[in-house]
Amino acid sequence: SRNAARTHGSSLTTRFGHFLVDFGSRRCFRLFAFAILVGLLAGGAIAQTRFTPTRITQTVDDDRRVTLRGNVHPLAQSRFDRGPAPLGLPTERIQLLLKRSPEQEADLRALLEEQQAAGSPSYHQWLTADEFGARFGPADQDLQVVTSWLTQSGFVVNQVNKGRTLIEFSGDAGQVQAAFHTAIHRYVVNGIEHWANASEPEIPAALEPVVAGLASLHNFEPRSSGKAQPLANSGGGHGMSPADFATIYNVQPLY
């Protein structure tokens, strides 16, 4: 019986050892498989992430400036000018327009064509605003530099839109004059009072690679020309007509 007990104990020990080995093997296999899966997912995420190079490579120096052309309203003329605005005049929701690099512009044009080409992998594969901004907008570091400059100039940055095409900020006429070297003036056109910048704004030269211009630096109300033309089919311009919407979202059959 002593031998039987030893044999039985040895058998139990052997079976328990096999169980531990088997359990450990299965656990290691699950961990190994999980590690492979995480690696594949991470690799896929990295493959799908596009690297956006920074374009602001110089230190922001307010003494080195460039002029943003085409940013004075056509009605901000001397004959309508009634003098400078009070420096404390609120300037709400100014929009700093951001621009794409030449490479991003070419990529966008190619994507627009592919989205309309049947058989293309990108056919009708529309981007969300976040995806558009990540692919065609400035790098995070560039946005940080621009928003920091606005904040240091005394403005309140309200938001950066998801498409990364503009930065909305607020301040007053004095801050606009100090930061952009242009004065806000009072204009009276057809008996209606308006406020607008009197000259082309300036920005530090370091910001030029990502800044296109300024919008909403005046309160002249936009007027429709009634001549909106479809651009998705003609391939030019920066606006969108109802025909563009119908083409992009394929709702023409519903009409």
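Residues numbered from 1 in each chain as written. Predicted model: local features only at pLDDT ≥ 70, side-chain atom pairs only at ≥ 80, totals over all residues. Heavy atoms only, no water.

In this section: the packing of aromatic side chains. Evaluation of the coordinates by the stated rule reveals five aromatic pairs. Measuring from ring centre to ring centre gives 5.4 Å for Trp 149 and Phe 180, while their planes differ by 90°; the resulting arrangement is edge-to-face. Taken together, the positions of Trp 149 in helix α4 (residues 140–152) and Phe 180 in helix α5 (residues 173–180) put the pair 31 residues apart, joining distant regions of the chain. This pair shows no difference in class: Trp 149 is buried, exactly as Phe 180 is. Taken together through their ring pairs, the aromatic side chains of Trp 149, Phe 155, Phe 169 and Phe 180 make up a single cluster. (Phe/Tyr/Trp six-rings, centres within 6.5 Å; stacked < 30°, edge-to-face > 60°. Helix = DSSP H or I, 4+ residues; strand = E, 2+ residues; numbered from the N terminus. Buried < 20%, exposed > 50% of the residue type's maximum accessible area, 1.4 Å probe, protein only.)

What follows covers α4. Here α4 contains 13 residues, and its C-alpha end-to-end distance of 18 Å stays within 8% of the 18 Å for a straight helix at 1.5 Å per residue. Turning to α4, its buried residues number three or more, namely Asp 142, Leu 143, Val 146, Thr 147, Trp 149 and Leu 150. Taken around the axis of α4, the buried residues stretch over an arc of 155°, which confines them to a single face. In this structure, α4 carries Asp 140 and Gln 152 as exposed residues pointing more than 90 degrees from its buried face. On its buried face, α4 is in contact with β1 (65–67), β3 (90–98), β4 (156–160), β5 (166–172), α5 and β8 (202–204). Of the residues flanking the end of α4, it is Gly 154, one or two places downstream, whose phi is positive at about 100°. (Expected span 1.5 Å × (residues − 1). Arc of directions from axis to C-beta. Contact = heavy atoms within 4.5 Å.)

Moving on, we come to the pairing of β3. As paired elements, β3 and β5 share six bridges and run antiparallel to each other. Within β5, the position partnered with Ile 94 by the bridge is Phe 169. Note that β3 and strand β9 (residues 211–215) share four bridges and pair antiparallel. When the bridges of β9 are listed, Leu 98 appears paired with Val 211. (Pairing = 2+ DSSP bridges.)

Right, let's talk about unusual backbone geometry for a bit. Positive phi is not limited to glycine here, since Arg 93 has a value of about 50°. Looking at the element boundaries, Arg 93 is found in strand β3. With relative accessibility at 53%, the residue Arg 93 sits in the exposed group. For Ser 216, which is not glycine, the phi dihedral falls at a positive 65°. Looking at where Ser 216 falls in the secondary structure, it is placed in the loop between β9 and α6 (242–248).

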